[in-house]
Amino acid sequence: MKDYYTILGVDRKASKDDIKKAFRKLAHAHHPDRGGDETKFKEASEAYSVLSDDKKRAEYDAYGQVFSGSGNGGGGAAGFNPNDFGGFGGFGQGVEFDIGDIFGDIFGGGRTRTQRGRDISIDLEVSFRDAIFGVERNVLLNKTSVCATCNGSGAAPGSEMITCTRCSGSGKIHETKQSFFGTFSSVRTCDLCHGSGRIPKEPCKDCGGVGVRRQEEDIAFRVPAGIRDGEVIRITGRGEAIPGGAAGDLYIKVHVTTHPTITREGNDLASTLTVKLSDALLGASYTIETLDGPLSIKVPAGINHGEKLRVKGKGIVLEGGRRSDLYIKIAIKLPAKLSKEARKAVEKLREEGV
């Protein structure tokens, strides 16, 4: 006995909607007209014809076969015949659904989808400072864009729009196709007017009446403050344009160069300051480099190696324009050699327990 639930990949308590979705997925994958496995397609169709019908499903669940609506007097679904699907009203006897909904993508009908151009991905290198503060940039791309001469209409300047001669103004082309199940009618978007129902009386000379053409386009955008290395900026509608549809998007992957003295740690900045031993003991003033320019700071007396000094408001630009902090890590440089006087001073410190 065939397990129709296993064939469709659904639970025995699956709803009608779940069964329909499962069959639609299998039909798309195994349809013979698309080079699929005809045997698997027939099995899925047989399973669907039973499980989508309440009476047949009840019989199948109770007895493992179907007795109602079968041409062989008891074989039920085992008597499945793909030639039963020649009509538009249903999928075999007693099974009601929209065949255009299930096979729309196969035959070109079904729900209308808005056409969309391809996305474009590029890489952009920015300096560490520009990544922290943000910067205005431009990129020059050679891509398919809306024709600047006709603004996408496809018409020569001053030319009027007329009814499409191919679809008679409906924007759609109706076709009849022969398939595994018989004759089907389908509807597709007119490829001359791209669904608008109107075409230019005199086509634009620059784009040939298409409305889009290959050209260089200068795109200005802003790299946001605080962007991290490897993050992506998305610019909607600046990808490849297509006739009668929406343009794709532009994705810009940002690569941040390193800074010679400053690094990023989370939402803060960090740097290292090397100080002399005597300055660490007695305290001193040092000038450090920040992204805002040179800054004088006070190294307090008795500071330890590895301690950090916090410089407020000299870090990353956060939301609302607020700045995070810059942390200075202290590295105490020990002398390689000591003079006699210095050695005596250090020995005296040791005697004092320092």
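So, here is what we can say about the structure in this document. Just so it is clear, the model here is predicted, and its values are computed rather than measured.

**Considerations on the sheet that holds strand β14 (residues 308-311)**
- The mixed open sheet is built from four strands, whose spatial order is β10-β11-β15-β14. Only two strands of the sheet have a single partner each, and these edge strands are β10 (262-265) and β14. With direction set aside, neighbouring strand axes in the sheet form an average angle of 35°.
- With four bridges joining them, β10 and strand β11 (residues 268-276) adopt antiparallel strand pairing. Residue pairing across strands places I262 opposite S271, the latter belonging to β11.

**Some words on the sheet that holds strand β8 (residues 232-235)**
- As summarised here, the arrangement of the three strands in space is β1-β9-β8, forming an open sheet in which the pairing is mixed. Each having just a single partner strand, β1 (120-126) and β8 make up the two edges of the open sheet. Averaged over all adjacent pairs, the angle separating strand axes in this sheet is 25°, with direction ignored.
- Pairing of β8 with strand β9 (residues 250-256), which is carried by four bridges, proceeds in the antiparallel orientation. The residue of β9 that forms the bridge with I233 is I252.

**Section: the pattern of salt bridges**
- All chains considered together, the criterion is met by 21 salt bridges.
- Among the salt bridges present, the one from R118 reaches E240, with a minimum N-O distance of 3.3 Å. Highlighted residues: R118 in the loop between α5 (99-107) and β1 and E240 in the loop between β8 and β9, separated in sequence by 122 residues.
- Overall, E240 belongs to the buried group, its relative accessible area being 6%.
- Here R214 ties to E240 by a salt bridge, and the two come within 3.2 Å at their closest N and O atoms. Placement of R214 in strand β7 (residues 212-223) and of E240 in the loop between β8 and β9 is noted, with a sequence separation of 26 residues between them.
- Under the relative-accessibility criterion, R214 is labelled exposed at 52%.
- Overlapping salt bridges bring together R116, D119, R234 and D249 as one network.

**Details of the packing of aromatic side chains**
- All chains considered together, the criterion is met by three aromatic pairs.
- Seen from their ring centres, Y5 and Y60 are 6.2 Å apart, and the 40° between their planes marks the pair as tilted. Highlighted residues: Y5 in helix α1 (residues 4-8) and Y60 in helix α4 (residues 54-63), separated in sequence by 55 residues. Like Y60, Y5 is buried.
- Where F23 meets Y48, the ring centres are 4.5 Å apart and the plane angle is 15°; that geometry is what we call stacked. Of this pair, F23 sits in helix α2 (residues 16-30) while Y48 sits in helix α3 (residues 38-51), and the two are 25 residues apart along the sequence.
- Through a chain of ring-to-ring contacts, three or more aromatic side chains come together here, namely Y4, Y5 and Y60.

**A few points about the state of the cysteines**
- The full count for this structure, using the stated rule, is zero disulfides.
- Not part of a disulfide, C164 finds its nearest cysteine sulfur in C167, a span of 3.6 Å.
- Under the relative-accessibility criterion, C164 is labelled buried at 2%.
- Here C193 is not cross-linked by a disulfide; its sulfur's nearest cysteine counterpart is in C167, at 3.6 Å.
- In this structure C193 comes out as buried when scored by relative accessible area, which is 5%.

**Side note on α4**
- Here α4 has its buried residues at K56, R57, E59 and Y60. In a view along the axis of α4, the buried residues occupy a sector of 160°, so they form one face of it. The exposed set on the far side of α4, more than 90 degrees from its buried face, consists of D54, K55 and A62.
- Against the buried residues of α4 lie α1, α2 and α3.
- Backbone nitrogen of K55 and a side-chain oxygen of the N-cap are separated by 3.2 Å at the start of α4; the cap is D53.
- G64 sits one or two positions beyond α4 and adopts a positive phi of about 85°.

**A closer look at the packing of α2 against α3**
- The geometry of α2 relative to α3 is characterised by a closest axis approach of 9 Å and an angle of 160° between their N-to-C directions. The angle between the axes of α2 and α3 places the two elements in the roughly antiparallel class. Like other packed secondary-structure pairs, α2 and α3 cross with a definite hand, here left-handed. Two secondary-structure elements touch here, α2 through I19, K20, F23, L26, A27 and H30 and α3 through E38, K40, F41, A44, S45, Y48 and L51.

**Some words on unusual backbone geometry**
- At N151, a residue that is not glycine, the phi angle is positive and equals roughly 55°.
- Looking at the element boundaries, N151 is found in the loop between β2 (135-146) and β3 (161-163).

Thresholds, definitions, all that
- Residues numbered from 1 in each chain as written.
- Predicted model: local features only at pLDDT ≥ 70, side-chain atom pairs only at ≥ 80, totals over all residues.
- Heavy atoms only, no water.
- Pairing = 2+ DSSP bridges.
- Helix = DSSP H or I, 4+ residues; strand = E, 2+ residues; numbered from the N terminus.
- Axes fitted to C-alpha atoms, helices over the stretch in contact; angles between N-to-C directions.
- Salt bridge = Lys/Arg side-chain N within 4 Å of Asp/Glu carboxyl O.
- Buried < 20%, exposed > 50% of the residue type's maximum accessible area, 1.4 Å probe, protein only.
- Phe/Tyr/Trp six-rings, centres within 6.5 Å; stacked < 30°, edge-to-face > 60°.
- Disulfide = S-S within 2.5 Å.
- Arc of directions from axis to C-beta.
- Contact = heavy atoms within 4.5 Å.
- Polar contact = N/O pair within 3.5 Å; in protein donor to acceptor, adjacent residues only side chain to side chain.
- Parallel < 35°, antiparallel > 145°, perpendicular 65-115°, else oblique.
- Left-handed = near helix turned anticlockwise from the far one by under 90°.

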